[in-house]
Amino acid sequence: MSIVWTFPGQGAQRAGMLHDLPAHPMIAATLDEAGAALGRDVLTLDSAAALRSTVAVQLCLLIAGVAFARLLAHRTRPPEMVAGLSIGAYPAAVMAGTLSFGDAVRLVELRGHLMEDAYPRGYGMLAIIGLTQHDLQPLIDLVNTPGSPLFLANLNGLTQLVVAGAQAALQRIELLARQHGARRCEMLQVAVPSHCPLLAEPAAELARAFADVPTHAPRCVYLSSSSARALWRGELIAADLAHNMARPVRWHDTIEVARERGAHLVIEMPGGSVLTRLAAGACCRWTAVSADEHRLEDLVWLTDREPAAD
């Protein structure tokens, strides 16, 4: 059986998430390494005020994910698969050995600035629960205009979808979705229109920055949540990372690929449990847990009881 580690995207951040990591020399070393790459103390990034910045949010999710994953790998064994949602793809790539942590920190800082500078205000993302893509897409097409764009951004579950676009379009789609049977609509803590063509130009600029960064073939299965398939070459993963901000997230399909590859234990890295709930809802034949809701010792025990994959 296989173990897959998942890394969450924006919306999973919370104040104090770096300060709340386990007190351990490996965690401290990772925080220091990130600080050296950034040239500043990373523990200033996770205050409530700081997390109003897209740059700080993305850096916190990267750093927390890598720090905890390194500690878990030290205490037990690394996973057979990794997958990350949006910014979560970066710590996944680091733990797969494709990208160095220092390079990831610098690229994520640039990524956050590019996204924030492109859309400093007036845009966002809305989660819509209870409608299928077939139900929702005609409503998106009705709302979407050049002056008030709207796109399907995340397919997190069969009836758990996210749209991205202008605030006026988000308000209109929320009203229409509720009228057409959506159980719940919720604005995400994301201040930019991620995973849609609105970010094509920032993605192209980030891809140019990746051209100077060394990458390596992954040492475990790297599952792209943009293409919902395994990628095995460093340059393909680099392209996946650079462009994922402008491509829809196919998380439901990605988790299905992990299941088909024999995943039996799914562990979500800090900081959240949304991916854990999605995994639990997608399959009843595996165990899905989050680092934020379980002790490190419990995660070690769950990992150690799983037979190693052939």
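In short, a report on the structure.

Basis of the calculations
- Residues numbered from 1 in each chain as written.
- Predicted model: local features only at pLDDT ≥ 70, side-chain atom pairs only at ≥ 80, totals over all residues.
- Heavy atoms only, no water.
- Pairing = 2+ DSSP bridges.
- Helix = DSSP H or I, 4+ residues; strand = E, 2+ residues; numbered from the N terminus.
- Axes fitted to C-alpha atoms, helices over the stretch in contact; angles between N-to-C directions.
- Core = buried A, V, L, I, M, F, W, Y, C linked by side-chain atoms within 4.5 Å.
- Buried < 20%, exposed > 50% of the residue type's maximum accessible area, 1.4 Å probe, protein only.
- Contact = heavy atoms within 4.5 Å.

## Considerations on the sheet that holds strand β6 (residues 184–187)
Here comes step 1: Across the sheet, four strands lie side by side as β4-β5-β3-β6; this open sheet has antiparallel pairing. Lying at the two open borders of the sheet, with one neighbouring strand each, are β4 (150–157) and β6. Taken pair by pair, the neighbouring strands of this sheet meet at an average axis angle of 25°, ignoring direction.
Here comes step 2: With six bridges connecting them, β4 and strand β5 (residues 160–166) associate as antiparallel partners.

## Re the nonpolar core
Looking at soluble globular proteins, one finds that nonpolar side chains tend to be buried together.
Here comes step 1: Counting residues in each nonpolar core, the largest one holds 80 residues, and the members touching the most others are Trp5 and Tyr90.
Here comes step 2: Counting residues per element, this core draws most heavily on helix α2 (residues 54–75), which supplies 15 residues.
Here comes step 3: Residues contacting Trp5, with those up to four places away along its chain left out, are Ala69, Leu72, Ala73, Arg77, Pro78, Pro79, Met81, Val82, Ala83, Met95, Ile267 and Met269.

## Structural notes on the environment of Leu99
Here comes step 1: The residue Leu99 is located in the loop between α3 (89–95) and α4 (101–118) in this model.
Here comes step 2: Take Leu99: its relative accessible area is 4%, and that puts it in the buried class.
Here comes step 3: Between the C-alpha atom of Leu99 and that of Tyr123, which follows or precedes it by 24 residues, the distance is 31 Å.

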